[in-house]
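Structural characterization, general
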Amino acid sequence: QVHLVESGGGLVQPGGSLRLSCVASGNFFRINDMAWYRQAPGKQRELVATITFGGSSSYEDSVKGRFTISRDNVKNTVYLQMNSLKLEDTAVYYCYAVFAMIGGVWGQGTQVTVSS
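Reference entry: report on the structure contained in this document. For clarity, every value in this text was computed on a predicted model and none was experimentally measured.

1. Re the nonpolar core
The biggest cluster of nonpolar side chains holds 29 residues, and the ones touching the most others in it are Trp-36, Leu-80, Met-82, Tyr-93 and Phe-99. At the level of secondary structure, the elements contributing two or more residues to this core comprise β1 (2–7), β3 (18–26), β4 (31–39), β5 (46–51), β7 (67–72), β8 (77–82), β9 (91–99) and β11 (110–114). In terms of residue count, β9 provides more of this core than any other element does, 5 residues in total.

2. Observations regarding unusual backbone geometry
The backbone of Ser-84 sits at a positive phi, close to 50°, despite the residue not being glycine. Among the structural elements, Ser-84 can be located in the loop between β8 and β9. One non-glycine residue, Met-101, lies in positive phi territory at about 65°. Of note, Met-101 is situated in the loop between β9 and β10 (103–106).

3. Quick word on the state of the cysteines
By the definition in use, this model includes 1 disulfide. Through a disulfide, Cys-22 is tied to Cys-95; the S-S separation comes to 2.1 Å. Between Cys-22 and Cys-95, the S-S torsion sits near -80°, and that sign places the bridge as left-handed. A residue pair is termed long-range when its members are at least 10 positions apart, and Cys-22 in strand β3 and Cys-95 in strand β9 qualify at 73 residues. We classify Cys-95 as buried; its relative accessible area is 0%.

4. Observations regarding the side chain of Thr-110
Following the sequence through the fold, Thr-110 ends up in strand β11. Polar contacts involving the side chain of Thr-110 include one to the main-chain amide nitrogen of Gly-9, which spans 3.3 Å. Once you skip the residues sitting within four places of it in the chain, Thr-110 turns out to touch Glu-6, Ser-7, Gly-8, Gly-9, Leu-20, Ala-91, Val-92 and Tyr-93.

5. Let's talk about the pattern of salt bridges
Summed over the entire model, instances satisfying the criterion amount to 4 salt bridges. Between Glu-46 and Arg-38 there is a salt bridge, with the nearest N and O atoms lying 2.6 Å from each other. The class of Glu-46 is partly exposed, set by a relative accessible area of 31%. Between Asp-61 and Lys-64 there is a salt bridge, with the nearest N and O atoms lying 3.0 Å from each other. With relative accessibility at 58%, the residue Asp-61 sits in the exposed group. A network of salt bridges, in which partner residues are shared, links Arg-38, Glu-46, Arg-66 and Asp-89.

6. Observations concerning the sheet that holds β8
Strands in a sheet are paired, the pairing made by backbone hydrogen bonds, and the direction either parallel or antiparallel. One open sheet holds the 4 strands; their spatial order is β1-β3-β8-β7, and the pairing between them is antiparallel. Edge positions in the sheet fall to β1 and β7, since each has one partner strand and no second. For this sheet, the mean inter-axis angle between neighbouring strands, taken without regard to orientation, is 15°. Here 6 bridges tie β1 to β3, and the two strands are oriented antiparallel to one another. When the sheet's bridge partners are listed, Leu-4 is paired in β3 with Ala-24.

Rules of the game
- Residues numbered from 1 in each chain as written.
- Predicted model: local features only at pLDDT ≥ 70, side-chain atom pairs only at ≥ 80, totals over all residues.
- Heavy atoms only, no water.
- Core = buried A, V, L, I, M, F, W, Y, C linked by side-chain atoms within 4.5 Å.
- Buried < 20%, exposed > 50% of the residue type's maximum accessible area, 1.4 Å probe, protein only.
- Helix = DSSP H or I, 4+ residues; strand = E, 2+ residues; numbered from the N terminus.
- Disulfide = S-S within 2.5 Å.
- Polar contact = N/O pair within 3.5 Å; in protein donor to acceptor, adjacent residues only side chain to side chain.
- Contact = heavy atoms within 4.5 Å.
- Salt bridge = Lys/Arg side-chain N within 4 Å of Asp/Glu carboxyl O.
- Pairing = 2+ DSSP bridges.
- Axes fitted to C-alpha atoms, helices over the stretch in contact; angles between N-to-C directions.

Shown next as structure tokens:
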């Protein structure tokens, strides 16, 4: 069984920054793609950013230039550096990882609130 645990969420003012982390634990061979999703109240969960095992990344248009996804394959951790945060970035942020021979697994989510 594998688990993903996010951390780093919190309350921040508009224009501020936060760094989310997601650590994988359990018995697995390799983590392929990793991603961050978010879900705002009353909205569907949306993809924010993805990163491959080799480090290639992609972003949802509204976060390009502000958010950076990265990973440490030794620590089995994915990060999301969020800068220039806006009110509309408020959401629960979820980590998602695709484990080789296991499949996709979700984290429990971490709340990010952008408010003045």
